[in-house]
Every structure is written in structure tokens, then in C-alpha cells.
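# Structural overview
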Amino acid sequence: MAAPIDRMGLLFLTLLPVLFSIAGAVDRSNFKTCDQSAFCKRQRDVKPGQSPYRALLETMQLSDSRLTLQLINDNNKVRLLLELYRLKGNMTRVKINELKPLKPRYEVPDVLIKDPPTEPLSVLDQDENGVVFSLGVDDQRVIINARPFRLDIVEGTKVLLSLNSRGLLVFEHLRLRKDTISHKITSTVGSMWDTIKSVFSSSSETDTEESKDAVGESVAEKGEAGVEVQEEEEHPGMWEESFKSHTDTKPNGASSISLDFSFPGVGHVYGIPEHADSLKLKSTEGGDPYRLYNLDVFQYELYNPMALYGAVPVLLSHSVERTMGIFWLNAAETWVDISSSTVTQGDSEVPETGVRWISESGIIDVFIMLGPHPTDVFSQYASLTGTQSLPPLAALAYHQCRWNYNDQEDVKAVDGGFDEHDIPYDFIWLDIEHTDGKRYFTWEPNKFAQPRQMLQNLKDKRRKMVTIVDPHIKVDSGYKIHNEIRSKDFYIKNKDGGDYEGWCWPGNAGYPDFTNPEMRAWWASMFAYDQYEGSMDNLYTWNDMNEPSVFNGPEVTMHKDARHGSWEHRDVHNLYGFYVQMATAEGQIQRSGGVERPFVLTRAFFAGSQRYGAVWTGDNAAEWGHLKMSIPMCLSLGLVGISFCGADVGGFFKSPSEELLVRWYQTGAYQPFFRAHAHLDTPRREPWLFGPDNTALIREAVRQRYALLPYWYQLFYNAHRTGQPVMRPLWVEYPEDAATFAVEDEFLLGKDLLVHPVTDERSQGVTAYLPGDGELWYDVHTHKKHQGNLNLYIPVTMSSIPVFQRGGSIISRKDRVRRSSSCMEDDPYTLYVAVNAQGTAEGELYIDDGHTFNFEKQKQFIHRRLTFSEGTLTSSNLSPDSQFTTVSWVEKVVFMGVTKPNAATLTTDNGTESPLEFEFDAGAELLTLRKPGVNAGADWTIQLR
């Protein structure tokens, strides 16, 4: 380590105490507030009122599915082009761009999985004040008001949402600076044109319009019909702005955009992760807006709208009547203001929520998802950006990580410790210290001298490893990765055209331009087994620091005037981590010849990141508040398509108490991504280091996770197919129950398991809300039955993890827990049948090989439907054309909420009948059938007589 530090120099040494300290919280002075962000302050200074924009209805053009219409700003005469599309699936797309920009403005590529299919638009009515279009669904219409410009989507007589109803549309046009030679030339040409125009005033309008283009109209110096653009007041930060010691230059001036949306009748909005804040978004009046700008913010504050590591510009609105969504497709720094008010509807006052989006550059490109149900919005968004990738089954198991396991002997000892203490795990992780001087794709030659032997030892136990591969590349002429990137000219450039360099873990580092598809293809090729020396097929990848993190950059990230080809970093910033994970996942796929599914964890993300792997909530702390916050943070991510979410179990910074560590394992065991992780300076915290009692409690929590892996896998398969979130707020399944709308201390897994973790210190009990009037809920540990639509107080001890199974569901488990999930592959299933008030239940069972794409490419999977009605439990095939076999069988069926039968009979697919032994607990209404012995992939029926 000495040599790398020597090269870092004095600057990096001064950073080290800040980077490695775990004593304090985030230094907020390193990150901007809205008042310190010039474009946010400018936009926020625009107050609601009469919009200067009007629609020029005479410019309207309507094709089969696309409307175009010019808007004009009556203050500066700059014209915009509005495009409106009716999309399949009950969605509407609105795009607004400059009609003739000085140069192209950035439009986000690669996030949409395809061009969204459109449906016909038709005009219903039009006059000089506006135009009405049919959306063809449930009397839905779009109404465009001309002066001032406003767009409403209505259904019948009800306004669903409005655009620019508060007059906050602002579109800062690109321009030339007045004191530049280019501007002076353009101004002279413009003045000459004014003189020519006055002489030849009899010229036709057509000739005038053609001539204007010839003398520079494209530089946005002329407005409507040749009227000169009015000079606008100069504001601080329009051409350059400074923050601390950093200056951001803007050659074409301010380019920010803003648009407001109003939701009448809506009091609850959600989404726009990532923030360490409540599930329900709060009003930002009187404070900062929610910020979307991927940043390296370690030990972040709670209940704060500050930007964190990822940004998904998707917001959901919800009321008892309807769920809708807004997808603001813009990758620049974005701020989102939320306001709450009331409006009059009929004879009553109803809530109204206002949402204002403010982005630094790009265009307005917004998808309005009209629901009407939560499941519809999830499907609509999935049709745009794709669904959660189906991970290898092992990735849903337990992961053991810290910064850092010291060497191969340390890895071997930790691996053996899990066996010695009978705790299952699947992945062990190596952080940055495993590399040769923070050179990624390498191994520290003394401490990890035989990586393949280490990986083979894990593979022999059917376990796996993850190594970190960050996107900052050590500038070192002896480092192959750096030399190849430089020789191929794949580095991001600074504003002067040289390779952009900044400080990160290796010291001086370059940053590959992952927006370049050629760079991504090269990066993917580096994961080939003959390129990544020492790697094997049980080695997977962790992309950290990919916001990107630049220790000596503004706000610990990259300068906005850095260059990605023809685009500035300000245009693409929030996409960087998305592209890093995309390229890494593609590399894992390619190394197997397209056979194996990847597993890649990323810290930075954007809309569409769900297609490439998992995310986690970043550098949290060993505090009870951070344990609590892991729930709304992951719920928010699930609402916007990213189901594979988790938090560092135990907290990354600081050291948890024994109680906090146990409670965190109990919570993490029921969250999608289950990984323990810890900072370099914290004491070791493997699960067996806190005494036998706590070891037993942690072992039990981990074992509960492994027993439920069949259910987790089924949920991820359904998420992959449909876009429905794995971990869900209660309101998703009970959308008309207002009592669920702000619940964030409990959650649903799928629709059938309700989890209320214990997240308070020294808790003696928790109160869980069991939703659903007429529903039944069964305690999964005691099988005790409870009615829905009530608050249930649950006394708890240190072993308690309150979990309930919904009446009417069937859940598959594997109760023989082994040392890894792969060791359980052929183990038998136990079915847990929880009947509802009508005495029925249903569920699914999904099985495939757990790691390849054969489930998609060759339809190699088993998908069973399980139903119980009128005393008969049936397994039937949901996918008759699929082909897969399993040796797993059904060893037990547990019925909850039934009466004692006189007999139980099994009928197999060949018609053979046989009696089944059973036990019945009358007090618990619990019936257990032992050893039906049927194959899990076969047709069969069990009848209770």
C-alpha cells in the first residue's frame, strides 16, 4: 500500500481522514442545496401564475398517432415544439423541445427497451381557444388550452392530471454569449436582415420564412414571424458557476427545463428514489426539493431530500380511486418539488398534489401512465424500461461481505466458520483491498496469490465469490487496463479535450466513457476467463463508486463540463452507473457464451437498471434509524421497477450492538438482497462472534431465508415476467384501504406474506396492521389465525420475526436447510396451504435450473398452479409447452384453518389412488399430511374427505 499512497501525493493524503473516518455523519457542505444550484434557484424563483407560453393552434399537425404543435413564449418569442403520442397500454407521451435549437439537445438513449407502440389519436373538438383529442379508453380525452398553454387529461367529467396548470413551464433556450465573436457575427447578420426586411416588406410570407433560415434563424435569435428575440435578464450562473473551488463552464448558457403537473383528488405520491426518506413523499414547500443526482454520500442523513447514489425519475400518485405514474426521461441533475393543497370538486374540498420537475439540460420527455390500478402502472412502466432480470437463484440467498477479507487464508477461515456454526451462505465478497494496488481485474499478488484455487475451494462446497470492479482506472503505464483504454481513446475528456482525471481509491484515475457502446463492448470483453486472470464461473461482480465518485471533484463527482463525445457530462450524469452495470452484466453473459445469467450489484442506477442486476442502499450506519429506513428505501425502489434491493446488514459505518445486529439479520432475511457488510475500521462481525445465543438467533433468521427460497424465486420470476414488485407497500394490494397509504414499517412479499420486522431498540412488542376486510392472516410461526382489517399487537422477544401468510394462499418452502442454496437444489418441498374465509387457497411453484437462460431460450422450466377448493388440493401445469424435469418431490403439506378430515387420498397423474397419513391439531386448526411422495413437477390431486 505504501507505493500507491506515495503516488497519490499530498492532496490525496489530506483526503484520507475524511474518506476513512467513521465517526461523523455526512458533511452537508460538500453537496449543493437548491439555492447553491444556479438552475434550481432560477427555476424556483419562477412562481405559479399566468404562463407566458401559448399554443399556436394553426401550426398543429396530426398524423395517425402523433400530434405536433408549436408553443411560443410571449416574453422572449422563442418557439418550442410539442409532440403528443397516445401509447398502447393506456399511456400518453409528451415531448417538448426547442423548435430550432442552436445545437441538438440531449435525448436519453438505451433506457427504453424499444420505441413504444402507438395508437391512433383523433380530434373531437377544436376552436380558437383549444383542441380536444380522444384517447380511446373510458371516455379519456386530452384537452389542450391555447392561451395560456395548458394540457389536461380527463376521464368523463373528472380531471386526472394537468400539465402547466400552475404556469411553471420554463424552457431555457441555448444561445450564444453576447461577448463572443460568434454572437457578434450573428447579431450583425440579424441586423442586416432587419434592414433587408424593411426594404422588401412586400415579400411573401413564404419567402420571408425561407430567407430567415438562411441568415441564422437556427441560432434562436429570431422568434415569431421574424420578431427579434427579446433580451432576457442575465442571472448568476447562466454562463458559469462556482461551488467551493470548482468552476463549471457553460458555453451555450443556461439550458434548464421545468414543467408542473397537478393531481386533483390525490393526497399521496411515491417514488423518485433514491432518498433516505419516508415512503410517502412530503411537501417540499419551505425546504429543498427532492434531488436526483447520483452522488457518493457516505453515512447519509435520514429524512432528508438530499441526492444519494441512484436516480429513478418515476413518480406514482395514488388515491382510493386511481393510481397513475409519471416517468420523466431526463438524465441530467433534476430537482422535484412536491406541493399539497385542496381544490373544490362539486360540493366538497379534495386534496391536490402538485409535482414540479426541474432538470438542468436535455428536453422534456414525459410518459404519463394512467393506470388505473397499481398493477397496471407497474406493467405500463415495465413495457417502457423492461422488467427485473431473473437472477441466479443463489443470488437470492445470503451474502457475506466486509471491507476487506485480508487474504486467502482469511477467506478460507470465514468460509469454514459458517460450516462450523451451521449457518448457510452462498457468496463471500472481496472489496478493493483484494486487488493489486486498486488495479481492478487483478489480485494482490501476496495475499491472493492463487485465486483459482480459492475459487475452486468455494466451488467444491457449491459456493461463490463476488469481487469489486470499479469504473475508475488507475493511471499507470504498467497497468494493462489503463493502457488499452487510453490507446483506444475510451476515456472521458475534460473540457479542454484531454483525458479527464480525478482522485479515487487508486490515486490518480481515469474514467472510461461508458456512454460509448464501443467502450462498453471492450469492458465486457475484459470479463472473459482469459482476460480476467484467476476468474472462474463462480466469480461475480460488484460495481461500486459508479456515480461516478471523484474525491477531488465538485460534490465528490465529475465536473459537469467534462465531455462524452459531443455531449457534456451534465447531460448524461445519472446514466453513468446504468451503463457501467450494463457493460459488466454483458461481460458475465459473454464469458459463458450467452448461457449463464449474470449477477452484478451496482451502487449507482437509473431507470432501466432493473434489467442488469441488484442495487443496495449504500453506505448506511449501524443505527436503529438506518435499519428502519431500509424498509421505505427498498419499497420506493420496488415501486419504480427495481425489485432486487437490500441494505448492508448491521450497517456499514460504526459497530452495531448485539441487539441491533440480530434485528438487522431478522429484517434483512425478508428483504430481496440479503448481504452483511462492514467498514474497514469496524471490528469483525461474522455471525458467530457475539456469543452462542446471538449466533443461534442469526442462524435461525438466515435459515428462514433459505427455507423460503422457492417463494422468493417464484416472486422474482413473476417480477421478471410482469414487472410487479417483489417487496410491496400494503397499498399496492389494498389500494382502497386508506389506512395502508402511509404504512412503511411493514411490507408485503408478493401478495401472500406480510412482514413487520422489529426495528426498535429494546422492543417488547409491535403493532402490525393486518389489511383486508374479510381477510384471514396466519402467523407463520404459530399458525394462529387473525382477522384482517385490524391492528394486532404482537408481544416480541429477541427471537421474534412477525410474519403472516395471507388466507387464500399456498406457499412452497424447502425446510431442509443446507450449507448453500445449490446444495438444496434437489431437496423436497413442503406446501403451506392457508385457507381463506371461503375455505379456498391458491399459489404457484416455479422451478428451473437456477442459473442459465434456458428458461427463456429453450422454455426449460416448471410452472405449476396449486389450488385448494372444496377439500381438494390440485397441482396443474401452467406452461404445458415448457420442458424441464426435477427430482424434487413433495414431502409434506400443511393446511392452516381447516377442520379434521376423515381421510386423505392422493391421486397421481396416472390415476393411482393411495391413502395419506395425517396429523391434526384441533386447537390450531392445523392439518399435516406427510410424505405424499409426488414429483413436484407432476399433476396430482389430494382430496380431504
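See the structure above.
Our subject in this report is the structure included herewith. (Residues numbered from 1 in each chain as written. Predicted model: local features only at pLDDT ≥ 70, side-chain atom pairs only at ≥ 80, totals over all residues. Heavy atoms only, no water.)

### Structural notes on the pairing of strand E48 (residues 890–896)
Counting buried positions along E48 yields 6 of 7 residues, so the element is predominantly enclosed. Sheet topology places strand E44 (residues 829–834) next to E48; 6 bridges connect them, and they run parallel. Opposite tyrosine 829, over in E48, you have valine 890 as the bridge partner. (Buried < 20%, exposed > 50% of the residue type's maximum accessible area, 1.4 Å probe, protein only. Helix = DSSP H or I, 4+ residues; strand = E, 2+ residues; numbered from the N terminus. Pairing = 2+ DSSP bridges.)

### Looking at the environment of aspartate 277
Here aspartate 277 shows up in the loop between strand E14 (268–271) and strand E15 (290–292). Taking the C-alpha atoms as reference points, aspartate 277 and proline 305, 28 residues apart in sequence, are found 6.8 Å from one another. Those residues in contact with aspartate 277 that sit more than four places away from it in its chain are Lys282, Tyr290, Tyr303, Asn304, Pro305, Met629 and Pro632. For aspartate 277, the side chain forms a polar contact with the side chain of lysine 282, separated by 3.1 Å. (Contact = heavy atoms within 4.5 Å. Polar contact = N/O pair within 3.5 Å; in protein donor to acceptor, adjacent residues only side chain to side chain.)

### Concerning the pattern of salt bridges
The final tally for this structure, using the stated rule, is 64 salt bridges. Residue glutamate 321 is joined to lysine 158 by a salt bridge in which the shortest nitrogen-to-oxygen separation is 3.4 Å. Here the residue glutamate 321 occupies a position in the loop between strand E16 (314–318) and strand E17 (323–328), and lysine 158 occupies one in strand E9 (residues 158–163), the gap between them amounting to 163 residues. Look at glutamate 321 and you get exposed, because its relative accessible area is 59%. Taken together, the shared-partner salt bridges in this structure form one network comprising Asp248, Arg291, Glu333, Glu360, Glu555, Lys560, Glu568 and Arg570. (Salt bridge = Lys/Arg side-chain N within 4 Å of Asp/Glu carboxyl O.)

### As for the packing of aromatic side chains
Applying the stated criterion across every chain, the model contains 43 aromatic pairs. Ring centres 5.8 Å apart and planes at 50° place the aromatic pair tyrosine 398 and tyrosine 665 in the tilted group. With tyrosine 398 in strand E21 (residues 398–400) and tyrosine 665 in helix H13 (residues 658–668), this residue pair connects regions lying 267 residues apart in the sequence. Accessibility classification places tyrosine 398 together with tyrosine 665 in one group, the buried group. An angle of 35° between the planes, with centres 5.7 Å apart, marks the rings of tyrosine 846 and phenylalanine 861 as tilted. Of this pair, tyrosine 846 sits in strand E45 (residues 841–847) while phenylalanine 861 sits in the loop between helix H17 (854–857) and strand E46 (862–869), placing them 15 residues apart in sequence. Taken together through their ring pairs, the aromatic side chains of Phe427, Trp429, Tyr540, Trp542, Phe599, Trp616, Phe644, Phe673 and Phe716 make up a single cluster. Note that lysine 560 overlies the ring of tyrosine 293, its terminal NZ or CZ placed 5.1 Å from the centroid. The ring of tryptophan 542 has arginine 675 sitting right over it, with the charged end atom 4.7 Å from the ring centre. (Phe/Tyr/Trp six-rings, centres within 6.5 Å; stacked < 30°, edge-to-face > 60°. Lys NZ or Arg CZ within 6 Å of the ring centre and 35° of its normal.)

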